[in-house]
Structure formats: structure tokens, C-alpha cells
Amino acid sequence: MSLSTQSHIGLGIYRLHSVANPCKPEVNLEENSGKVKMRERDNPNIPHRTPAKFVKVDAQTNASTIVNFMKRTWQIRKPRLLISVTGGAGNFPLNGPLRDAFRRGLIKASLSTNAWIISGGTYAGVMKYVGEAVRDFGIDAAMKVVAIGIATWGIIDHRHELLSHLQNHCSPEELDGDDAKLSSCDPFDYEVKSSRSLDPNHTHFILVDSGKEEFGGEVDLRGRFIEYLVKRRSVMKLES
């Protein structure tokens, strides 16, 4: 099924096959994780959900390491389906009826199939529409939606400030007893100010450090991450 305007969104179902890939040994990701409390510069009065969670990973990190971290530390539910939304960060115009159909369909598919929604995670293009869909369908639905942004660390706003809010920078008194991976460190007050900002309505972020300050550093890891999860499952993938 496809919808056509000046841009294109295609909907397809894919089954992926595993391939070998050169990755780094298992690493402890808890110390490179944290939380962000979103605030939009242009919409300061819009309420947002509880702080989003993020983790900074090397571009060659094993997909299994990331998935295990998400289950263990974020306690994120296991999906039955992945909805992968792809598209550029440029202007992506959708008229009102088409935009509403996209958002309603996305959330309905997510809630009815216990899916994870995966996008590039920044405040631009089709990724912004994904975030708005999560935001606009009410708190009851939003609390059940898992929207994961996989973005390149080297291009996002406030990345240097985020470093000071990683778990490995928390003082001992900020940690909950012996459970360092669920610390009470204050979330970073993240102002959404440009298309390079993290989208304020995604629930989780995987920030991929490729060692470069350029777009596309997350592409390989995102592919491996999805492939790892769907070796024995079908994937619904929306493309723009």
C-alpha cells in the first residue's frame, strides 16, 4: 500500500535474514545511559510525557548488547512487530487529511500489535510526524507506545551537555543503593531548538557515536539492530 503526495510513503512487510558483521565485544551500556526531560522552545506550554531515556553507543556495538540492555535496564517490553519509519530530515509536507491518516494508522498499528516504532529520532521531517502521532493520541495511548529514535551522536544538539548526565557521572548518593543502573540522577533539561534536536515525543533514544560529526553514522547499526530483532519475525516498514 502506498500514499502519494509531493513525497512518498510506502508500506511494506519484509522478512530479513541474518548476516555476519564485525562488532565490538560485549560492553556495559548502563554507565552510558541517562534521561532527558524535553522542552520545546517554540511550544513551551505543551506538556510532555515522563523523561525519555537514552543510551550512547559505539557504532560497532553488538545489536544483542543493545537489546539486552533495553530489556534489563529500561525494562522495555518485547515487541511482536517493528514499524520502521525512514525518511530524510528535510521538509516533508503532508496535508491535513493525509497527515491525520498517517498518524492514526501508525498509532493504531503500534497499539494493536504491541510494536516498537523506530525512526531517526530528530525533530525534523517524517520523524517529527512520528513524534506528533505519539503526542496527539492521548496519554493513555502514549504511555503504551514505544517510539525509539536511533540518531547519530555527532550531529545532535546538546550532545556535550548530555555527557554530564550519563550514569557514570552520577555521584554515589544519587544512586539507588546497590542498583547503579536505575539511578535517580536528575534528567537533563533538553531544549528542542532545531532540526538537529531530539524529537520531544519519542520515548527512547539510541545515540550512535561513529566518531564523525555527520549524518548517516547510525545507518549500519540501525540495520543490524532491526535485523537482530526480526530474524524470526516479519517487519512492517514505512518509507518516505
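To be clear, the structure that these remarks concern was listed above.
Residues numbered from 1 in each chain as written. Predicted model: local features only at pLDDT ≥ 70, side-chain atom pairs only at ≥ 80, totals over all residues. Heavy atoms only, no water.

Focus: the overall build of the chain
Now for step 1: Counting its regular elements, the chain contains six helices and ten strands.
Now for step 2: When the 240 residues of the chain are sorted by exposure, 48% land in the buried category.
Now for step 3: Once local pairs closer than 6 in sequence are excluded, the contacts in the chain between residues at least 24 apart make up 82%.
Now for step 4: Roughly 11800 Å² of accessible area belongs to the chain as shown, and the carbon and sulfur atoms make up 50% of that amount. (Helix = DSSP H or I, 4+ residues; strand = E, 2+ residues; numbered from the N terminus. Buried < 20%, exposed > 50% of the residue type's maximum accessible area, 1.4 Å probe, protein only. Contact = heavy atoms within 4.5 Å. Areas by Shrake-Rupley, 256 points an atom, 1.4 Å probe, with all protein chains shown as cover.)

Digging into the nonpolar core
Most often, soluble globular proteins keep nonpolar side chains buried together rather than apart.
Now for step 1: Membership of the largest hydrophobic core comes to 23 residues, with the highest contact counts inside it found for V57, I66, M70, W116, I148, I206 and F225.
Now for step 2: Elements with a minimum of two residues in this core: β4 (52-58), α1 (63-72), β6 (115-119), β7 (146-152), β9 (204-209) and α6 (219-229).
Now for step 3: Those residues in contact with M70, other than ones at most four positions away along the chain, are Q75, I76, W116, I148, I206 and F225.
Now for step 4: Listed in part, the 19 residues of the second largest apolar core include F102, I117, V134 and V145. (Core = buried A, V, L, I, M, F, W, Y, C linked by side-chain atoms within 4.5 Å.)

As for the pattern of salt bridges
Now for step 1: Tallying each qualifying case throughout the model produces eight salt bridges.
Now for step 2: Each member of the salt-bridge network shares a partner with another, and the members are R39, D189 and E191. (Salt bridge = Lys/Arg side-chain N within 4 Å of Asp/Glu carboxyl O.)

A short note on the packing of aromatic side chains
Now for step 1: As enumerated under the stated definition, the model contains two aromatic pairs in all.
Now for step 2: Their ring planes at 65° and their centres at 5.0 Å tell us that F69 and W74 sit as a pair that is edge-to-face. For the pair shown, F69 and W74 are each scored as buried.
Now for step 3: Taking 6.0 Å as the distance between ring centres and 85° as the angle between the ring planes, the aromatic pair formed by F188 and Y190 counts as edge-to-face.
Now for step 4: Among the residues examined, Y190 registers a relative accessible area of 0% and is labelled buried. (Phe/Tyr/Trp six-rings, centres within 6.5 Å; stacked < 30°, edge-to-face > 60°.)

Observations regarding the packing of α1 against α6
Two quantities define a packed helix pair, namely the angle between the helix axes and the distance between the axes.
Now for step 1: Following both chains from N to C, one finds α1 and α6 inclined at 70°, their axes separated by 9 Å at the closest point. With respect to α6, the element α1 is oriented roughly perpendicular. Regarding α1 and α6, the two cross each other, and that crossing is right-handed. Between α1 and α6, the residues in contact are A63, S64, I66, V67 and M70 and L221, R224, F225, Y228 and L229, respectively.
Now for step 2: For the contact of α1 with α6, a count of residues per class yields eight nonpolar, one polar and one charged. (Axes fitted to C-alpha atoms, helices over the stretch in contact; angles between N-to-C directions. Parallel < 35°, antiparallel > 145°, perpendicular 65-115°, else oblique. Left-handed = near helix turned anticlockwise from the far one by under 90°. Nonpolar A, V, L, I, M, F, W, Y, C, P; charged D, E, K, R; others polar.)

A closer look at the side chain of H204
Now for step 1: In this structure, H204 sits in strand β9.
Now for step 2: Note on H204: relative accessible area 9%, which makes it buried.
Now for step 3: Side chain to side chain, H204 and T203 meet in a polar contact 2.7 Å long.
Now for step 4: Setting aside chain neighbours within four positions, we find H204 in contact with K53, W74, I76, V146, A147, I148 and G149. (Polar contact = N/O pair within 3.5 Å; in protein donor to acceptor, adjacent residues only side chain to side chain.)

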